[in-house]
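Descriptive analysis of the structure
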Amino acid sequence: MTKQLPPVDVVLVGFGWTGAIYAEKLTAAGLEVLALERGPWRDTPGDFATTFAQDELRYYWRHGMFQEASQSTVTFRNNSAQTALPMRHWGSFLPGNGVGGSGVHWNGQTYRFLPSDFVARSHNEERYGRLPEDMTVQDYGVTYEELEPHFDYFEKICGICGKAGNLRGETVEGGNPYEGARSDEYPNPPMQMTFSQDRFEAAARDIGLNPFPVPSANMSRAYTNPLGLQLAPCTYCGFCEKHGCGNYSKSSPQTTIIPVLMQRPNFALRTHSEVLKIETEGGGSRTSGVTYIDTSGDTFFQPAEIVVLCAYPLENTRLMLLSEIGEPYDPRTGEGVVGKNYCYQVMSGATVFFDEEFTNGFVGAGALGMVADDYNGDNFDHSGLGFIGGGYIACYTTNARPIESHPVPDGTPGWGAEWKRAVQANYLKTATVGVHGASMAHRSNYLDLDPTYTDSYGRPLLRMTYDFTVNDRRLTEHITPVAEEIARGMGGREVNVSARRGSYDSVPYQTTHNTGGTIMGTDPASSVVNRYGQSWDVPNLFVAGAGLFPQNAGYNPTGTVGALAYWSVDAIINQYLPQPGPLVQA
Amino acid sequence: MTLPTRRRVLRYLLSGSTALAAPAGLFAKEYGRGEGMPWSPLEGEIPYHGTQEAHFFTPDERATVAAICARLIPSGDDGPGATEADVVTFLDRQMAGFYGRGQHWYMQGPFAEGTATQGYQSEHPPAELYRRALAELDAWCRAQDGGPFAALTAERQDEVLTGLDEEEITFEGVSAKTFFDLILRNTIEGYFADPIYGGNRGMIAWEYIGFPGTRYDYRDFVSHDGAPIRLPPVSLLGRPGWSAP
Amino acid sequence: MIRTIAAAGLACALSAGASGAQELSFSQVDRGRYLTLAGDCKACHTDLENDGVPFAGGRALGTPFGTIYSANLTPDDETGLGLWSREDFYNALNEGIDREGRHLYPAMPYPYFTLMTRDQTDAIFAYLRTLEPVHAEEPENDLPFPLDIRLSVSGWKLLFFEDKSFVSMQDRSEAWNRGRYLVDGPLHCGACHSGKNLLGADADGEYLRGGVLENWYAPNIRGGENGGIADWTAEEIVEFLKIGRTSHTAPMQRMGEVVALSTQHLSVEDLGAVATYLKSLDDDLPEDADTPDQARLETGEGLYFDNCAACHAADRSGVPYFFAPLDSSNKVVADDPSTAIRIILGGARAQPTEAVPSMLAMPPFAWKLNDAQIADLLTYLRATGPRPAAPVSAGQVAEMREYLAEEH
């Protein structure tokens, strides 16, 4: 029997980056906020201390940081003609788990989308003409200019280390000349670059590109953020991504927000509490709260005035479908919205092998890199190319963890004596120039509920139907040669290209940039939430995260996720609370 | 930004009966409510799973696995192989633990073969897969060559493994290719993982390739500018230099 | 009665009136509240480990002689101070006698509170009367015979206790006197920071030179020449007490509690007075330390670089305000290294305060380093810093390890 609990003002479903952002702002505004997190409590000294955080097997290969597939996973197929099968263990993406979510184990690469990214349809159609029918690219409904103060604030909360390229309309040397105008410089200077970045920078400039340091959430110096929380200098330990940071030098909910939240009596967090359903009343026009289950096996109904979904795009989409909120997307008719426009990232690269020089990959950090944006967004002329969007080209040095990183030249056998020799000869002597390509929405890439497979509570798993599109292929085929050219200019012995060919493979790791499913927009017929992240159907339900993106840009999503969260919570406090109801008239 | 007033804080502290207070009967752990970040001395999620001695393989299985690993990463003048690194002990522990059981994997049916892009779809978690595949492998070798895998010459062993990898040799009950991919992956893990898990004995593999291990501060080395950095490797439980000889 | 100058430095003075209304007037209660903050009454008189109600007592206080449970200070008639008078309360703080005339164990630091005036104890009493009465029986004290007989305390008092008032030194500044009053009175710093004799009283000649309580070594806090905090400026002392961070270190564990519950709430003027006083206390030159053998220094250096540098930096300069620079640490080179040993074994966390909410924590190394390794590491740090101190033995580490195992 479900036990009813005393009501609270706000329930947050999930407690990663967006959960922490909403919680901090809403509690500061005086509301009683309860966060429900499916996974466990996590904090630096107990869970990723400097004494044991450096454990590649445990944290990456045995998925110590990630969502447990046995608890909940997704089913996957490339297209509707196939039967989706469960991702029995993670591969191409690694969803987070527990307090802090993937904000604990991310790299820290923190970009802002370009102004044109937010109006991808109207901007590109104006310049290049009508897009193909099956490209369901849409405008976000919010502009870069509107989000700018929130980008700025999120970067200050995180202490992002970088160099502005466009300061209030003035181009500044050393930064990204293509970026949208910034109101302020980055709160911290860029990280110290290593040999590989120096070679990349020189080679990129040689071919006329404009490289700049990657905006990094790994601290270049000691920093105290606007909430008074301290981040220490990064020590380039090479155990960044997929791992928690042991010495407080990576921005995460734990290092930038949570300690302040924990001192507020109007904030509470319950861990090991999985939300089963968002409850509605009034014929589905309001949410009354959520039903959740904890490790006792008992279910509880937690009433709330406002519910915010902060559980990552995949789970947010699934919860809406399970709770029958919003019209599910049907790829055959193109009708419906929940689950629509699932996007990812199209990644490729060129690895350069050195003979004499050591790149010493273990001296690395998750966001240590140099990057060039000349082939991103609409920063170059796409006339006649047959695709829109682009990707950044970057040379990162993040790690030399040997199970993960033991590159060998093309043609080396996969095992045996020759393989072993090649591993030893090339270890610490490679660098990779990667392309981080945008993923444009397509009518056949979507999320829905699986008809066969269920989670441990008998609820349908989320089904992911996704493959690379024509736009993806043309994009990657166009830009990868540029990466190759840069790699060839870096002075090594040989360059091996890893092009993105064939179908999307769910097995090898690519990125954890799953976007869409709960997209934002200006029209309830083609979006799930309005430009403030408010559900068109249920005005006291808000959705956060990269699920809001109608399509994914050529950047890591977190910077934009943070900005959208601050933008949305600002609207809740200043517009919704004084006058509850739809913030946008449909 | 306004923080709740002191009186409100005091009220919460003293009354403990707000909506946010954990209702009785809740199993979930509660945090917040003005109590700050939890912390206790001596506590931490130190490595545990897979670090304890544990056994899964029968002696025959162990012999077969050791022989396979010795071909995947062979010993040689140029450097240590899986044998020196004691990868078979690593695998034994892994198969005996949660990984072998597939405990963290989604192992609900129905099971189907799947496309190349759909990943592992065997109904058998790793330990079961190993057990069946090893039996089939040895049976195949006995039928073909009159002896188990471990008894074959190194050359012949390589041929057999190549046959598994290239799907020229197949098994009845389990996929030979899936098994090969898995044991190759696990062998690399055992060769390069921290010694606390049973393989990479004495950090021998890290020494071989030049990986400094669990060090956590390279600020003095960032400007290496392409020069080698030679630091003796450190593991989670240290290195020989931590104790006087 | 010697007039106290110190009283003027505290919150506004008030004449001791007789009427109940004046007694519980806002200014009197507020003055009392401030004094309880200075005295850190809430810390001992709240069962912090078990989320107890503030001031309702019941906290287990470990002493070298056994465990004593703190009293309920809420105005409950049966279990608290409900039936006490102001006179009773003054006697408790001034002489260590309760309402029934029984002696209080000096775990209640009345040897320090005796410096407070009747005026001040009245204010504290007034504040306590405004609390919600809480019915809370405290557990029986766990003391061995004959210490469980309160009369035995009278012998101790005969030897070691003096009912006295504060006397200011005319040739010193007002701030110095006020600082001395606070340190020796309400703040009762010496209760931890002064060495004790075998019977638990302040040992001669060990004033603020470091002391042990509950197996924590509270370091030397003399700020003059050769003192434990000689490197600190007066501003840094104020900073430490007010916001819980300086470039040198942060308050941790028990001192963290003191800063969180007491000193961060005191006025900057009062903390400045404390700093002025502490900076005036010189100390003797430390004895020359034995040099350990080279092998230990080498292993210690390797241990340091591999384990500690990620926070404390390869050159031991740490990250000021974040991770302690170790060369100026009064814990690392203390005569008694037990705090340093305990922190390495069990970890520590920098106390979050209102001003600095970060909880930076050092992880425990008990599972990772053995006794010899921790001893070599500390020996290396102590021998090679600017103020060499004696080597540490594996036995000392083993002792602390055993203690911690029992405690947890």
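Residues numbered from 1 in each chain as written. Chains lettered and ligands numbered in written order. Predicted model: local features only at pLDDT ≥ 70, side-chain atom pairs only at ≥ 80, totals over all residues.

The subject of this paragraph is the overall build of chain C. Helix and strand counts for chain C stand at 18 helices and six strands. In terms of overall dimensions, chain C is globule-like: its C-alpha atoms have a radius of gyration of 22 Å, near the 22 Å expected for 408 residues. The burial tally for chain C puts 50% of its 408 residues in the buried class. Sequence separation of 24 or more characterises 63% of the internal contacts of chain C that already satisfy a separation of 6 or more. (Helix = DSSP H or I, 4+ residues; strand = E, 2+ residues; numbered from the N terminus. Rg over C-alpha atoms; globule rule 2.2 N^0.38 Å. Buried ≥ 20, exposed ≤ 12 C-beta atoms within 10 Å, placed from the backbone. Contact = placed C-beta atoms within 7 Å.)

Within chain B, the secondary structure is distributed over eight helices and one strand. Along chain B, helices and strands appear, N-terminal first, in the series α-β-α-α-α-α-α-α-α. Among the 245 residues that make up chain B, the fraction classed as buried is 43%. Put simply, of all contacts in chain B between residues at least 6 apart along the chain, 58% involve residues at least 24 apart.

This part takes up the sheet that holds strand E5 (residues 85–86) of chain A. Residues and elements named next belong to chain A. Overall, mixed pairing links the four strands, which are arranged E5-E4-E20-E19 in an open sheet. With partners counted over all chains shown, the strands left at the sheet margins are E5 and strand E19 (446–454), one partner each. Where E19 lies against strand E20 (residues 460–465), five bridges are found, and the strand directions are antiparallel. Within E20, the residue paired with Thr454 across the bridge is Pro460. (Pairing = 2+ DSSP bridges.)

Across soluble globular proteins, nonpolar side chains show a tendency to be buried alongside one another. The biggest cluster of nonpolar side chains holds 344 residues, and the ones touching the most others in it are Leu12, Val13, Val308 and Ile393 of chain A together with Val274 of chain C. Ranked by residues supplied to this core, first place goes to helix H12 (residues 558–576) of chain A with nine residues. (Core = buried A, V, L, I, M, F, W, Y, C linked by C-beta atoms within 7 Å.)

All names here are of chain B. By secondary structure assignment, the location of Gly50 is in the loop between strand E1 (30–32) and helix H2 (59–72). Taking C-alpha positions, Gly50 is 8.7 Å from Tyr99, a pair spaced 49 residues apart along the chain. Those residues in contact with Gly50 that lie beyond four places of it in its chain are Arg93, Gln94, Gly97 and Tyr197.

Turning our eyes to something else, we now look at the interface of chain A and chain C. Across the contact, 19 residues belong to chain A and 17 residues belong to chain C. Looking at the side of chain A that touches chain C, the elements with two or more residues in it are helix H2 (44–47) and helix H8 (258–261) of chain A. Considering only residue class, the side of chain A that touches chain C consists of ten nonpolar, nine polar and no charged. (Nonpolar A, V, L, I, M, F, W, Y, C, P; charged D, E, K, R; others polar.)

Turning to the pairing of strand E15 (residues 346–353) of chain A, a few remarks are in order. Residue and element names in this part refer to chain A. The buried fraction of E15 amounts to eight of the eight residues, a majority that puts the element mostly inside the structure. Side chains Val346, Ser348, Ala350 and Val352 project from E15 onto one buried face, and the interleaved Met347, Gly349, Thr351 and Phe353 project onto a second face that is buried too. Pairing of E15 with strand E18 (residues 430–437), which is carried by eight bridges, proceeds in the antiparallel orientation. From the neighbouring strand, Ala350 faces E18, where its bridge partner is Val433. Across five bridges, the pairing between E15 and strand E21 (residues 494–498) is antiparallel. Note that in E21 the partner of Val352 across the bridge is Val495.

On to the environment of Thr351 of chain A. All names here are of chain A. Note that Thr351 resides in strand E15. You can call Thr351 buried: it has 23 C-beta atoms within 10 Å. The sequence separation of Thr351 and Cys395 amounts to 44 residues, and the corresponding C-alpha distance is 9.7 Å. Leaving out residues up to four positions away in the same chain, Thr351 has contacts with Pro407, Thr430, Thr432, Val495, Asn496 and Ser498.

What follows is about the sheet that holds E15 of chain A. Residues and elements named next belong to chain A. Taken in spatial order, the six strands of this open sheet run E8-E16-E17-E18-E15-E21, and their pairing is antiparallel. Strands at the two margins of the open sheet, each flanked by one partner only, are strand E8 (211–213) and E21. Here the strands of the sheet are splayed against their neighbours by 25° on average, with no regard to which way each runs. With six bridges joining them, strand E17 (residues 391–396) and E18 adopt antiparallel strand pairing. Bridging across to E18, Ala394 finds its partner in Gly434. Contacts between helix H11 (residues 470–488) and the sheet are confined to E15, E17, E18 and E21, with E18 contributing the most and set at about 155° to the helix. (Axes fitted to C-alpha atoms, helices over the stretch in contact; angles between N-to-C directions.)

Let us now look at the interface of chain B and chain A. With 78 residues of chain B at the interface, the matching set in chain A holds 85 residues. The greatest single-element share of the side of chain B that touches chain A, amounting to four residues, is contributed by helix H7 (residues 176–192) of chain B. For the side of chain B that touches chain A, the residue count by class is 42 nonpolar, 21 polar and 15 charged. Note that strand E11 (residues 267–270) of chain A and E1 of chain B share three bridges and pair antiparallel. Counted as the bridge partner of Leu269 of chain A is Tyr31 of chain B from E1 of chain B.

What follows concerns the pairing of strand E2 (residues 66–69) of chain C. Residues and elements named next belong to chain C. Judged from the four bridges that link them, strand E1 (residues 60–63) and E2 form a sheet pairing that is antiparallel. Across the sheet, the residue bridging to Leu61 is Ile68, located in E2. The turn linking E1 back onto E2 is made up of two residues.

Turning next to the confidence of the model for chain C. Close inspection of predicted coordinates is inappropriate in any region flagged by low pLDDT. All names here are of chain C. When pLDDT is averaged along chain C, the result is 89, and 94% of the positions lie at 70 or above. Counting interchain partners and residues more than four positions distant, the pLDDT-below-50 stretch residues 1–19 has 35 contacts. Across the interface, the model reports ipTM at 0.96; the global pTM reads 0.93. (pLDDT = per-residue confidence, 0-100.)

As a further point, take helix H16 (residues 338–346) of chain C. Residue and element names in this part refer to chain C. In terms of residue burial, H16 counts as a mostly covered element, since eight of its nine residues are buried. For H16, the full list of buried residues reads Thr339, Ala340, Ile341, Arg342, Ile343, Ile344, Leu345 and Gly346. Tucked inside the fold, the buried residues of H16 contact strand E4 (216–218), strand E5 (348–349), strand E6 (361–362), helix H17 (371–384) and helix H18 (394–407). Gly347 sits one or two positions beyond H16 and adopts a positive phi of about 85°.

It is worth spelling out the environment of Asn360 of chain A at this point. Looking at the secondary structure, you find Asn360 of chain A in the loop between E15 and strand E16 (369–372). Judged by the 27 C-beta atoms lying within 10 Å of it, Asn360 of chain A is buried. Sequence spacing of Asn360 of chain A and Arg332 of chain A is 28 residues, and the spatial spacing of their C-alpha atoms is 51 Å. Not counting the four nearest positions on each side in its chain, Asn360 of chain A is found in contact with Leu428 of chain A together with His224 and Ile229 of chain B.

Residue and element names in this part refer to chain B. The interhelical angle for the contact between helix H5 (residues 126–145) and H7, taken along N-to-C directions, is 120°, at an axis separation of 10 Å. Between H5 and H7 lies a crossing whose hand is left-handed. In this structure, H5 uses Pro126, Leu129 and Ala133 to contact H7, whose residues at the interface are Ala176, Thr178, Phe179 and Leu182. Residue classes in the contact of H5 with H7 are distributed as six nonpolar, one polar and no charged. (Left-handed = near helix turned anticlockwise from the far one by under 90°.)

Following Gly109 of chain B, the chain continues to Pro110 of chain B via a peptide bond in cis, the omega torsion being 5°. By secondary structure assignment, the location of Pro110 of chain B is in the loop between helix H4 (98–101) and H5. Backbone geometry places Arg168 of chain A, a non-glycine residue, at a positive phi of 55°. Of note, Arg168 of chain A is situated in the loop between strand E6 (166–167) and strand E7 (170–171). Of note, Ala313 of chain C is a non-glycine position whose phi angle comes to about 70°, a positive value. As for its placement among the helices and strands, Ala313 of chain C is situated in the loop between helix H15 (309–312) and H16.

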